[in-house]
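Below are the chains, spelled out letter by letter.
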Amino acid sequence: MSTVTAVVAGRDGGKLTADHLTRSAVVYVRQSTLQQVERHQESTRLQYALVERAVALGWARRQILVIDDDLGRSASSAEGRPGFQHMVAEVGLGHVGIVLGIEMSRLARSCRDWHQLLEICAIFGTLLGDTEGIYDAKNFNDRLLLGLKGTMSEAELHILKTRMLHGKQAKADRGDLHLCLPRGYVRQPDGTVIQDPDEQARAVVALLFDLFDRHRTLSGVLRYLVEHGIELPDRTGGRPGEPLAWHRPNRATLSNLFHNPIYAGAYAYGRRPTDPRRQKAGRPGTGRRVAALGDWAVLLKDRFPAYITWEHYEANLRQLEANMAQATGVSRGGTALLSGLVVCGRCGQRMTTQYKSNGHAARYVCNRAASSYAAPLCQSLVAATVDEAISALVLRALQPAALEVSLRAAEDLAAERAALHRHWAQRLERAHYEAQRAFRQYNAVEPENRLVARTLEQQWEATLVAEADVRAEYEQFLAHQPAALSAEEQAEIRRLAVDLPALWHAPTTTMADRQAVVRQILDRVVISVENNSETVTLDCRWAGGHSTRTTLARPVARLEQLSTYPALLERVAALHADGRTASAIADTLNAEGWVPPKRRGPFSAATVRGLLYRQGLKRWPNERARRAMTASPHDWTLEALARHLNIPKPTLYAWLRKGAITGHLVTGVGKSVWMIQADDVELTRLRALHAAPRVWEPGSPGSVEDDSM
């Protein structure tokens, strides 16, 4: 009999009955962590020895169930403990007569789980036993004692955790808590953190920050690294003696690198605190959230050798935040110059960019209220007109800095090429060193020891092949990109930079390049369309806080939308009163600077005749003959009905074609004419249909308006 059995044998106090012995005995074995299982093996032996305790109490060995599924699992919760859940299920089925544990804290360190177990044991008459005795959950005194032991177990766990966390926090407050070092840093034996002693590793890390300044997105940096075959250094353990490995770059690694404050020389603790609501039992790493910069528990600046300044780090964080979908972001291609920068002047919401004609026709649309509340469309207009005005403003703003831009462009391009050549030189140097090292190892072995010599010879040949491959890749790189800018290239850069309009409109300048330039000097553009007319006001908010306002004229669908429409009618009527023909009136309007609604060309004689018809100054062609074809006072031609209702004729024809109105075709006076029958009720309905908000769905009567604007 073991020591545990000798201490507790016979201490059942008359609680053990024959009914208990007919059921099984459960021996519950648990250790909190895998380290305890490995280092505290004596405790595990004592728990397994409880089998002998059950035998001494009268259970046969075949009746004893050992549950040890929870070795290496904490008892702070029942979740993630399959052994505890198995035990509770067996008790709830009435299969268990007694549950044995070395101490009650092995069963549960949570009062919620502990009292749930006690309640189930009381209902099904299951006993509980530890090294101090046997307890009946139905007995008041035993229940009180067991409840006290459960409370003490939970309090003990809380005290231990609090003590360790306070010690960890105090060490972090001093900056002495060692955290995992990112790539580009190593920790010396005395605990001092230094930059990686490998020159190429430091150069690659520094190159990443230069690339982000140039491309401003993780995708841009990643594409550059892949295109030029640049890998990222990784030193296992972060110690100088550990081997340096090179791995292919990926988005997650780059994101962690640019968010890590150690590259700015800062020690930070508490960047990813644990949210208990998100934590999953048995998985200590879950439930973490990203805290804002001001919510970090510890931030100590100037503690490590830095690759960038703290201001540079904060600027990178702002850029990464701006790159998110709900922020302004960076240029994402497309034909719209101001995508992501346009704000509605009516409701203050950001305007989206919509494309038609396979992405060539862009519009700025404020549809937030329409999509969220099914409200009418706030405002929209073609992007080309706005983009032309903004391009002129941007070129005017950049003109004084043209020479500086040219010099900076040449310097940046030269610096980029120099960095690439340094990287290739370091790769060649590393490959050559590995080949020489393999040769020295092969040369040092005794010739008779062919078992070792053959292996070293293969390694030497592999390093020679790797060196040759790197040299071939470098020669291919040189063939596509020379080491320095030629005199012709420098002159071309200066010429194009001074002539900014030519550079802006050059075929080699992509829309993404123009968008990137605009985002450097413009924060946002507030657009306001005045009363659905052609007049548009642009409020430009420049970087630095300066604001300018400009107005422009956009193309509209109908003459009635022109803000100058009343004055245009008066001018046409005055010219007609002077006895001028329609062609002469059109020439006069064009000479005086009047612009048609769609702005696709000058005024024509047909347009002028339409204006005269609207004012009743000129009779419609064949009007008398068409009236002769009218069978009843409610019959209308398309022209007469359009003039009477002040609705465009194409709209009425589209309604006729789609069945919104009915009519019949009459042949006469040399051509066929559509006749529409509309009484007063029908005329009221058509006016209401035209005034109703447009429902932009295929086949709906409201979608037949001219969509040219």
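Parameters and conventions
What you see as residue numbers is a count from 1 along each chain, following the sequence as written. Local features in a predicted model are, by the rule used here, given only for residues with pLDDT of at least 70; side-chain atom pairs are given and counted only at 80 or more, and totals for whole chains, interfaces and linings are based on all residues. Hydrogen atoms and water are omitted, and side-chain values are computed over all heavy atoms in the structure. Elements are defined by DSSP. Helices are runs of H or I of four residues or more, strands are runs of E of two residues or more, and each kind is numbered from the N terminus. Burial here depends on accessible area, computed with a 1.4 Å probe over protein chains only, as a share of the maximum for the residue type. Under 20% is buried, over 50% is exposed, and the range in between is partly exposed. Note on contacts: a residue pair is in contact if any heavy atoms of the two residues lie within 4.5 Å. Accessible surface is estimated by sampling points in the Shrake-Rupley manner with a 1.4 Å probe; for residues, cover comes only from the protein chains shown. Angles shown run from 0 to 180 degrees and are taken between the N-to-C directions of axes, each axis being a line fitted to C-alpha atoms and, for helices, limited to the stretch in contact. Here the word oblique covers every angle except those under 35 degrees (roughly parallel), over 145 (roughly antiparallel) and from 65 to 115 (roughly perpendicular). Left-handed describes a crossing whose near helix is turned anticlockwise from the far helix through less than a right angle; right-handed describes the clockwise counterpart. Following the grouping adopted for this structure description, the nonpolar residues are Ala, Val, Leu, Ile, Met, Phe, Trp, Tyr, Cys and Pro, the charged ones are Asp, Glu, Lys and Arg, and the polar ones are all others, Gly among them. Two rings from Phe, Tyr or Trp (for Trp, the six-membered ring) form a pair when their centres sit within 6.5 Å of each other. Planes less than 30 degrees apart are called stacked, planes more than 60 degrees apart edge-to-face, and all others tilted. The rule for a charge over a ring is simple: NZ of Lys or CZ of Arg within 6 Å of the ring centre, and within 35 degrees of the ring normal. Known as pLDDT, the predictor's confidence for each residue is given on a scale from 0 to 100. Only buried Ala, Val, Leu, Ile, Met, Phe, Trp, Tyr and Cys residues count toward a nonpolar core, and they belong to the same one when joined by side-chain atoms within 4.5 Å. Think of it as the arc spanned by the lines of direction from the helix axis to the C-beta atoms. Strands are treated as partners if at least two bridges between them are detected by DSSP.

Participant: Quick rundown of the overall build of the protein chain? Include the residues and the values.
Facilitator: Within the protein chain, the regular secondary structure consists of 26 helices and 21 strands. Across the 709 residues of the protein chain, 40% fall into the buried class. Taking the contacts inside the protein chain whose residues are at least 6 apart along the sequence as the reference set, 62% of them involve residues at least 24 apart. Carbon and sulfur atoms provide 53% of the accessible area of the protein chain, an area that totals close to 38600 Å².

Participant: I'd like a description of the packing of helix α24 (residues 638-645) against helix α25 (residues 649-658), backed by residues and values.
Facilitator: Look at α24 against α25: their axes get within 9 Å of each other, and the N-to-C directions meet at 120°. Comparing the axis directions of α24 and α25 gives the class oblique. Once α24 is placed against α25, the crossing between them reads as right-handed. Two secondary-structure elements touch here, α24 through Leu638, Glu639, Leu641 and Ala642 and α25 through Lys649, Leu652 and Tyr653. Of the residues in the contact of α24 with α25, the class split is 5 nonpolar, no polar and 2 charged.

Participant: Explain the packing of aromatic side chains residue by residue, including any values.
Facilitator: The final tally for this structure, using the stated rule, is 9 aromatic pairs. The interplanar angle of 80° and the centroid separation of 5.5 Å between the aromatic rings of phenylalanine 209 and phenylalanine 258 together place this pair among those described as edge-to-face. Linking phenylalanine 209 in helix α9 (residues 199-215) with phenylalanine 258 in helix α11 (residues 251-259), this pair joins segments that are 49 residues apart in sequence. Ring geometry for tryptophan 310 against tyrosine 313: centres 5.0 Å apart, planes inclined by 35°, an arrangement best described as tilted. In this pair, tryptophan 310 and tyrosine 313 both sit in helix α12 (residues 310-322), 3 residues apart, roughly one turn of the helix. Of the two residues examined, tryptophan 310 and tyrosine 313, each falls in the buried class. Taken together, Tyr185, Phe209, Phe212, Phe258, Tyr263 and Tyr307 form an aromatic cluster joined through their ring pairs. The ring of phenylalanine 84 carries arginine 81 above its face, with NZ or CZ at 4.3 Å from the centroid. Directly above the aromatic system of tryptophan 296 lies the positively charged group of arginine 271, at a separation of 5.8 Å from the ring centroid.

Participant: Just give me the short version of the packing of helix α6 (residues 82-92) against helix α7 (residues 111-124), but keep the residues and values in it.
Facilitator: Running from N to C, α6 and α7 point in directions that differ by 25°, and their axes come no closer than 9 Å. As the angle between them shows, α6 and α7 are arranged roughly parallel. As for how α6 packs across α7, the hand of that crossing is left-handed. Here Phe84, Met87, Val88, Val91 and Gly92 of α6 come into contact with α7, specifically with Asp113, Leu117, Ile120, Cys121 and Phe124. Split into classes, the residues belonging to the contact of α6 with α7 amount to 8 nonpolar, 1 polar and 1 charged.

Participant: With reference to specific residues and values, describe the confidence of the model for the protein chain.
Facilitator: Where the model shows low pLDDT, its predicted coordinates should not be examined in detail. The predicted model of the protein chain has a mean per-residue pLDDT of 80, with 84% of residues at 70 or higher. For residues 1-11, every residue scores under 50 in pLDDT, and the model assigns this stretch 19 contacts once sequence neighbours within four places are set aside. Segment residues 696-709 is flagged for pLDDT under 50; beyond a separation of four residues in sequence, or across chains, it makes 37 contacts in the model.

Participant: Can you explain the nonpolar core? Please cite residues and give values.
Facilitator: Counting residues in hydrophobic clusters, the biggest one holds 46 residues, and the most contacted among them are Leu208, Phe209, Leu225, Leu254, Phe258 and Tyr263. Among the secondary structure elements, those contributing two or more residues to this core are α9, α10 (218-227), α11, β10 (267-269), α12, α15 (402-444) and α16 (450-480). Aside from chain neighbours lying at most four places away, what touches leucine 254 is Leu208, Leu218, Val221, Leu222, Leu225 and Leu232. Membership of the second largest hydrophobic core comes to 29 residues, among which are Ala336, Leu395, Leu522 and Leu538.

Participant: I'd love a proper account of helix α19 (residues 511-521), names of residues and values included.
Facilitator: Among the residues of α19, those classed as buried are Arg514, Gln515, Val518 and Arg519. Viewed end-on, α19 has its buried residues packed into an arc of 135°, placing them on one side of the element. Buried residues along α19 sit in contact with α14 (383-398), α18 (500-504) and β16 (522-529).

Participant: Account for the environment of arginine 519, naming residues and giving values.
Facilitator: With respect to the secondary-structure elements, arginine 519 resides in helix α19. Classification of arginine 519 as buried rests on a relative accessible area of 10%. With 179 residues separating them in the primary sequence, arginine 519 and glycine 340 have C-alpha atoms 9.5 Å apart.

Participant: Break down the sheet that holds strand β13 (residues 352-356) for me, with residues and values.
Facilitator: Taking strand neighbours across the sheet as the criterion, the 3 strands line up as β13-β14-β15 in an open arrangement whose pairing is antiparallel. Across the chains shown, the open sheet's two edge strands, defined by having one partner strand only, are β13 and β15 (379-382). Sheet twist, expressed as the mean angle between neighbouring strand axes with direction ignored, is 25°. Bridge count for β13 against strand β14 (residues 361-366) is 5 bridges, and the pairing is antiparallel. Directly across from threonine 353, in β14, lies its bridge partner tyrosine 364. Those strands touched by α14 are β14 and β15, and its axis lies near 70° from that of β15.

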